[in-house]
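# Descriptive structure summary
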Amino acid sequence: VDIIKQVWETYPKALRVVDPVMADHGKVYPTYTPELVEAMGTLANGADILTPNLTEAAIILGEPIGDDWCGTDISDAEAARMIDALVAKGAKHVVLKGIEHGDGLIHNYVWGDAVDFTETTNAKLPYMLHGTGDVFASTLLAAVMAGRDLAEATAFAADFTADAMLISAKQP
C-alpha cells in the first residue's frame with residue numbers, strides 16, 4: 001500500500017483504479033492481516049475508480065462482516081448509500097460489483113463525479129471461478145482507457161467477465 005501511495009505521488013495525474021481484492025462473501029481472505037485490510041481501505045481516498053465487492057465496501061466503510069454479515073442481497077437504495085459513503089471517503093467513482101438479489105442476475109452499480117447512478121446486470125452462472133474480480137477490474141480499466149465512459153465500461157467488463165467464465169467452463 002505504501003508503494004502504491006508512492007507511485008501516486010510520483011505520477012499525480014495517473015488514473016488511479018483501486019480494486020481492493022481483500023474479501024468476499026462476508027469474509028476477509030486468509031492472506032490478509034488486519035493491518036493490511038486497514039491500509040487497503042485507505043486507498044479509497046484518492047481513487048479515481050474504486051471497484052469493491054460488497055464485503056470490501058463494508059470493510060472500507062467500517063460496517064459489519066463475518067457473523068453479522070447481511071449477505072449480498074441489498075436494495076438499490078442501500079447500494080446507492082454505500083457508494084455515496086465511499087465517494088465521501090475520497091473515491092471519485094465507485095463500481096460496486098457482484099450484488100445478488102436472488103433474481104438470477106449479478107448486479108453492478110456505478111456512480112461518481114462523471115456518471116449518474118447506473119445499474120448493469122448479467123445472468124448469474126451456476127458456478128464460481130476464481131479471478132473473476134481481477135478480470136472485471138482489468139477489463140473495466142481497458143474499456144476506460146479505450147475511451148468508454150464508466151457506465152459503458154462497467155457493462156463491457158461485466159459482459160466480458162461472463163463470457164470468459166462461459167468459455168473457461170468448457171475447458172478440459
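Preceding this section is the structure that the text describes.
Now for a look at the structure at hand.

The rules we used
Each chain has its residues counted from 1, following the order in which its sequence is written. The predicted origin of the model limits local features to residues at a pLDDT of at least 70 and limits the giving and counting of side-chain atom pairs to 80 or more, whereas totals for whole chains, interfaces and linings rest on all residues. Working from all heavy atoms in the structure, the side-chain values ignore hydrogens and water. Runs of H or I in DSSP of at least four residues are treated as helices and runs of E of at least two as strands, each being numbered from the N terminus. Contacts are residue-level and defined by heavy atoms, with any inter-residue pair within 4.5 Å sufficient. Interaxial angles span 0 to 180 degrees and are taken between N-to-C directions of axes, which are lines fitted to C-alpha atoms, for helices over the stretch in contact. Every angle not falling under 35 degrees, over 145, or within 65 to 115 is termed oblique; those three ranges are roughly parallel, roughly antiparallel and roughly perpendicular. Here is the rule for handedness: rotate from the far helix to the near one, and if that takes an anticlockwise turn smaller than a right angle the crossing is left-handed, while a clockwise turn gives right-handed. Under this grouping Gly is polar, as are all residues other than the nonpolar Ala, Val, Leu, Ile, Met, Phe, Trp, Tyr, Cys and Pro and the charged Asp, Glu, Lys and Arg. Within this analysis, patches are made of residues with over 30% relative accessible area and no salt bridge. Like charges are joined at 9 Å or less; nonpolar side chains (Val, Leu, Ile, Met, Phe, Trp, Tyr) at 5 Å or less. Per-residue accessibility takes into account occlusion by the displayed protein chains alone, with areas from the Shrake-Rupley method and a 1.4 Å probe. A pairing counts as a salt bridge when a side-chain nitrogen of Lys or Arg comes within 4 Å of a carboxyl oxygen of Asp or Glu. For every residue, the accessible area (1.4 Å probe, protein chains only) is compared with the maximum for its type, and the residue is labelled buried under 20%, exposed over 50%, or partly exposed between those bounds.

### Description of the environment of threonine 120
For threonine 120, the location among the structural elements is in strand E7 (residues 115-123). With 32 residues separating them in the primary sequence, threonine 120 and glutamate 152 have C-alpha atoms 9.1 Å apart. Setting aside residues up to four positions removed in sequence, threonine 120 forms contacts with Ile106, His107, Asn108, Ala151, Thr154, Ala155 and Ala158.

### Focus on the packing of helix H3 (residues 54-61) against helix H4 (residues 76-88)
At their nearest, the axes of H3 and H4 sit 10 Å apart, and the two run at 50° to each other. Comparing the axis directions of H3 and H4 gives the class oblique. For H3 against H4, the interelement crossing comes out left-handed. Here Leu54, Ala57, Ala58, Ile60 and Leu61 of H3 lie close against H4, whose contacting residues are Met82, Ala85 and Leu86. Classifying every residue of the contact of H3 with H4 by side-chain character gives eight nonpolar, no polar and no charged.

### Regarding a nonpolar patch on the surface
There is a patch of nonpolar side chains on the surface, built from Ile3, Val7 and Tyr11 and spanning about 330 Å² of accessible area. With respect to the secondary-structure elements, isoleucine 3 resides in helix H1 (residues 2-10). By relative accessible area, which is 62% here, isoleucine 3 ends up exposed.

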